[in-house]
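Fold and geometry: a report
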Amino acid sequence: MYGQQETKLFAQGLFKIEDREILMNVENTIKSISGIEAVRLDIPTQRFSILTGTAALSEEIVSSWFGAYAETLECIQIGVYGQDTMHPYPFTNCDD
C-alpha cells in the first residue's frame, strides 16, 4: 500500500553449535528460507541474530529453523526491527 513500509522482525538469542561446518550448514539453511533477509550465527559468543520480512514470528518458528539444534536455543528475543530494542550481549534477561 502506498506510504506503508514493510515491517521487519528480528530474532536473537543463544545457541550451542561448536562445530564450524555444522554451524555453516545451519546458517545456510536459514538463509535459504523465504523472507529471511539477514542471518548471523557467531561461533565465539554462540549467539544468533536473524532479520526477516515475514508477517509473523514466534519462538516455535525460530526453533524450527535450527532443526536438530532447536533444543539448544536459549534467551530468544523477538521484536519489530527499528521499533523494539534489541537486548545487548551478554544477555542478562533470560527467563530460561
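Report follows, based on the coordinates. For clarity, every value in this text was computed on a predicted model and none was experimentally measured.

**Considerations on the side chain of glutamine 77**
Relative to the helices and strands, glutamine 77 resides in strand 4 (residues 74–80). The class for glutamine 77 is buried, based on a relative accessible area of 10%. Side chain to side chain, glutamine 77 and glutamine 12 meet in a polar contact 2.6 Å long. Not counting residues within four places of it along the chain, the set of residues in contact with glutamine 77 comprises Phe10, Ala11, Gln12, Thr85, Met86 and His87.

**Considering the pairing of strand 2 (residues 36–42)**
Taken together, the six bridges between strand 2 and strand 3 (residues 47–52) define a ladder with antiparallel strand orientation. Bridging from a neighbouring strand, leucine 41 pairs with phenylalanine 48 of strand 3. In this antiparallel pair of consecutive strands, strand 2 and strand 3, the connection spans four residues, and glutamine 46 shows a positive phi of 60 degrees.

Rules and cut-offs
- Residues numbered from 1 in each chain as written.
- Predicted model: local features only at pLDDT ≥ 70, side-chain atom pairs only at ≥ 80, totals over all residues.
- Heavy atoms only, no water.
- Helix = DSSP H or I, 4+ residues; strand = E, 2+ residues; numbered from the N terminus.
- Buried < 20%, exposed > 50% of the residue type's maximum accessible area, 1.4 Å probe, protein only.
- Polar contact = N/O pair within 3.5 Å; in protein donor to acceptor, adjacent residues only side chain to side chain.
- Contact = heavy atoms within 4.5 Å.
- Pairing = 2+ DSSP bridges.

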